[in-house]
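Given next are the chains, with one letter for each unit.
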2 protein chains.
Amino acid sequence: MKAYVYVSLKKSVLDPQGKTIQGALTKMGYQGVEDVRQGKFFEVTLDGKLGRDAAQAEVERIAREVLTNPVIEDFRYSLED
Amino acid sequence: MKAYVYVSLKKSVLDPQGKTIQGALTKMGYQGVEDVRQGKFFEVTLDGKLGRDAAQAEVERIAREVLTNPVIEDFRYSLED
């Protein structure tokens, strides 16, 4: 089973890296780009020993306690068989 | 319209950062984690001037030409209204 955890900066937090990419894209001539924000994701492969509910709980715990800085970041996750 | 571009290391490329996270999670007592790979994503906000097809083409071009290093990375993207 695989879990995907997506971590992004909160809307209220400035993202200078994203702004730089947006500026570069516009300068390079790409059309229609209004804003860019960068985040990271984690592809977590789980061994089959946990049931789906247990796996989901564990992934949520990992995402909240380890992968995300709750002061400046939000996360979402999805599970896939 | 928003586009999400997900960039990940190719399967054949080692991911020491992911390995480190996996080792840390196991040491911290989290269960069932077999492997972790890290990637990044970009949330691209497009102005409404481009039609859906043009927007899709532009996002694919940006992903392929700017956001991804084709030697070591793959990308996928999705569009959202």
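Above this note sits the structure.
Reading guide: rules and limits
Residues numbered from 1 in each chain as written. Chains lettered and ligands numbered in written order. Predicted model: local features only at pLDDT ≥ 70, side-chain atom pairs only at ≥ 80, totals over all residues. Heavy atoms only, no water. Helix = DSSP H or I, 4+ residues; strand = E, 2+ residues; numbered from the N terminus. Rg over C-alpha atoms; globule rule 2.2 N^0.38 Å. Contact = heavy atoms within 4.5 Å. Areas by Shrake-Rupley, 256 points an atom, 1.4 Å probe, with all protein chains shown as cover. Lys, Arg positive; Asp, Glu negative; His and termini not counted. Charge placed at Lys NZ, Arg CZ, Asp CG, Glu CD. Least-squares fit on C-alpha atoms with pLDDT ≥ 70 in both. Core = buried A, V, L, I, M, F, W, Y, C linked by side-chain atoms within 4.5 Å. Buried < 20%, exposed > 50% of the residue type's maximum accessible area, 1.4 Å probe, protein only. Salt bridge = Lys/Arg side-chain N within 4 Å of Asp/Glu carboxyl O. Polar contact = N/O pair within 3.5 Å; in protein donor to acceptor, adjacent residues only side chain to side chain. Phe/Tyr/Trp six-rings, centres within 6.5 Å; stacked < 30°, edge-to-face > 60°. Lys NZ or Arg CZ within 6 Å of the ring centre and 35° of its normal. Buried area = accessible area lost by both parts, 1.4 Å probe.

Asker: Before we go on, may I ask you to explain the overall build of chain A in this structure?
Answerer: When helices and strands are counted, chain A shows 2 helices and 3 strands. Ordered by position in the sequence, the α and β elements of chain A form the string β-α-β-α-β. A compact globule built from 81 residues should have a C-alpha radius of gyration of about 12 Å, whereas chain A, at 16 Å, is more than 25% larger. The principal-axis extent of the C-alpha atoms belonging to chain A is close to 50 × 25 × 15 Å. Counting only contacts in chain A whose residues sit at least 6 apart along the sequence, the fraction spanning at least 24 positions is 68%. With the model as given, the accessible surface of chain A reaches about 4,600 Å², and the carbon-plus-sulfur share is 52%. Charge-centre separation for chain A: the mean point of 12 positive side chains lies 5 Å from the mean point of 13 negative side chains.

Asker: Help me understand the relation of the copies chain B and chain A in this model?
Answerer: Note on the chain copies: they are related by a rotation about an axis and a translation along it. In the superposition of chain B on chain A (RMSD 0.0 Å, axial shift 0.0 Å), the rotation amounts to 180°. Those values place the two copies in the arrangement expected of a two-fold rotation axis. Using C-alpha coordinates, one finds that chain B approaches the rotation axis most closely at K40 of chain B, a distance of 1.9 Å. Looking at chain B, 100% of its interface residues are interface residues in chain A too, so the copies touch through the same face.

Asker: When you look at the nonpolar core in this model, what are you seeing that I'm missing?
Answerer: The nonpolar side chains of soluble globular proteins are, as a tendency, buried together. Ranked by internal contacts, the top residues of the largest apolar core, which has 18 residues, are L25, V33 and V36 of chain A together with V5, F42, V44 and L46 of chain B. If you list the elements that add at least two residues to this core, you get α1 (16-27) and β2 (33-46) of chain A together with β1 (2-9), β2 (33-46) and α2 (52-67) of chain B. Sequence-distant contacts of L25 of chain A, that is, excluding residues within four places in its chain, are made with Y30, V33 and V36 of chain A together with I62 and V66 of chain B. If you look at the next biggest cluster of nonpolar residues, it comprises 17 residues, including V7, V44 and A63 of chain A together with Y30 of chain B.

Asker: Just checking my understanding: could you explain the side chain of D15 of chain A for this structure?
Answerer: All names here are of chain A. Mapped onto the elements of the fold, D15 is located in the loop between β1 (2-9) and α1. Buried and unpaired, D15 has no salt bridge, with R37 as the nearest side chain of opposite charge at 4.7 Å. A distance of 3.0 Å separates the side chain of D15 from the backbone nitrogen of G18, its partner in a polar contact.

Asker: Just to check I follow, could you spell out the packing of aromatic side chains for this structure?
Answerer: Two descriptors summarise a pair of aromatic rings, namely the distance from one centre to the other and the angle between the planes of the rings. Tallied over the full model, the rule gives 7 aromatic pairs over all chains. Between the aromatic rings of F75 of chain B and Y77 of chain B, the centroid separation amounts to 6.4 Å while the plane-to-plane angle is 25°, which identifies the pairing as stacked. Classification of F75 of chain B as partly exposed rests on a relative accessible area of 27%. An aromatic cluster is defined as three or more aromatic residues linked by ring pairs; in this entry it consists of Y6 and F41 of chain A together with Y6 and F41 of chain B. Above the face of the Y4 of chain B ring, R76 of chain A is positioned so that its terminal group lies 6.0 Å from the ring centre.

Asker: Is there a simple way to explain the interface of chain B and chain A in this structure?
Answerer: The extent of an interface is frequently quoted as the accessible surface area lost upon association of the parts. The interface of chain B with chain A comprises 35 residues on the first partner and 35 residues on the second. Taking both sides of the interface into account, the surface hidden between chain B and chain A amounts to around 3,000 Å²; carbon and sulfur atoms contribute 59%. Among the residues chain B hides against chain A, the three largest losses belong to Y30, F41 and E43 of chain B. Together they make up 20% of the total. Put simply, chain B and chain A have 2 salt bridges between them. Residue K11 of chain B pairs with E43 of chain A through a salt bridge whose shortest N-O separation is 3.6 Å. Applying the counting rule to chain B against chain A returns 16 residue pairs in polar contact (both at pLDDT 80 or more). Breaking the side of chain B that touches chain A down by element, the ones donating at least two residues are β1, α1 (16-27), β2 and α2 of chain B. With 14 residues, β2 of chain B is the largest single contributor of residues to the side of chain B that touches chain A.

Without other data, these values stay purely geometric and don't point to any function.
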